[in-house]
Amino acid sequence: MRKDGHRNLSRRERQMMDILYQKGRATAAEIHEALPDRPTYSAVRAKLRVLEEKGHVRHEEESLRYVYLPVVARDSARRSALRHMVSTFFGGSVEETVAALLDLSVSQLSEQDLQRISELVEQAKKEGEKS
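Now for a description of the structure that goes with this document. (Residues numbered from 1 in each chain as written. Predicted model: local features only at pLDDT ≥ 70, side-chain atom pairs only at ≥ 80, totals over all residues. Heavy atoms only, no water.)

### What about the overall build of the chain?
A count of helical and extended segments in the chain gives six helices and three strands. Along the chain direction, N to C, the helices and strands of the chain fall in the order α-β-α-α-β-β-α-α-α. Taking 2.2 N^0.38 as the reference for a compact globule, 131 residues should give roughly 14 Å; the C-alpha atoms of the chain span a radius of gyration of 19 Å, well beyond that estimate. Residues classed as buried in the chain amount to 25% of the 131 residues present. Once local pairs closer than 6 in sequence are excluded, the contacts in the chain between residues at least 24 apart make up 47%. A total of about 9400 Å² of accessible surface is found on the chain, and carbon and sulfur atoms cover 51% of it. With 23 positive and 21 negative side-chain charges, the chain shows a spacing of 6 Å between the two charge centroids. (Helix = DSSP H or I, 4+ residues; strand = E, 2+ residues; numbered from the N terminus. Rg over C-alpha atoms; globule rule 2.2 N^0.38 Å. Buried < 20%, exposed > 50% of the residue type's maximum accessible area, 1.4 Å probe, protein only. Contact = heavy atoms within 4.5 Å. Areas by Shrake-Rupley, 256 points an atom, 1.4 Å probe, with all protein chains shown as cover. Lys, Arg positive; Asp, Glu negative; His and termini not counted. Charge placed at Lys NZ, Arg CZ, Asp CG, Glu CD.)

### Notes on the pattern of salt bridges
Opposite charge on two side chains lets them pair, provided their charged atoms get close. A full pass over the atoms with the stated rule returns seven salt bridges. A salt bridge links R78 to D75; the nearest nitrogen and oxygen atoms lie 3.1 Å apart. Of this pair, R78 and D75 both sit in helix α4 (residues 74-90), three residues apart, which is roughly one turn of the helix. For D75, a relative accessible area of 43% gives the class partly exposed. Salt bridges sharing partners connect three or more residues here, namely R25, R58, E60 and E62. (Salt bridge = Lys/Arg side-chain N within 4 Å of Asp/Glu carboxyl O.)

Quick look at the structure:
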């Protein structure tokens, strides 16, 4: 699979991958049920075959049905998607990305959340000094 993960996926394929990451594993019927603006069941099965060919999912046979699982760990996919978002929408600037995230969620952050963020910033400073 390519390193840029989700970039080579269509909108529907990304939706299907999101469902698989949320559930961990799912049948075509379960994915079909969870999709917005549901396509036909056969279209879901066809997309699953494409995702398998692209190397994003694999299947296991259980009781005469296929159960699909993501190939790439959720954390790896999350990092890849985040790198893509930072690069695409924030010109590669982590500072602008963090500022935008804080701006979006400032009213929803608890004192504990802010403390944790502050600790992460301090940790990053220390690691930056070591390099």
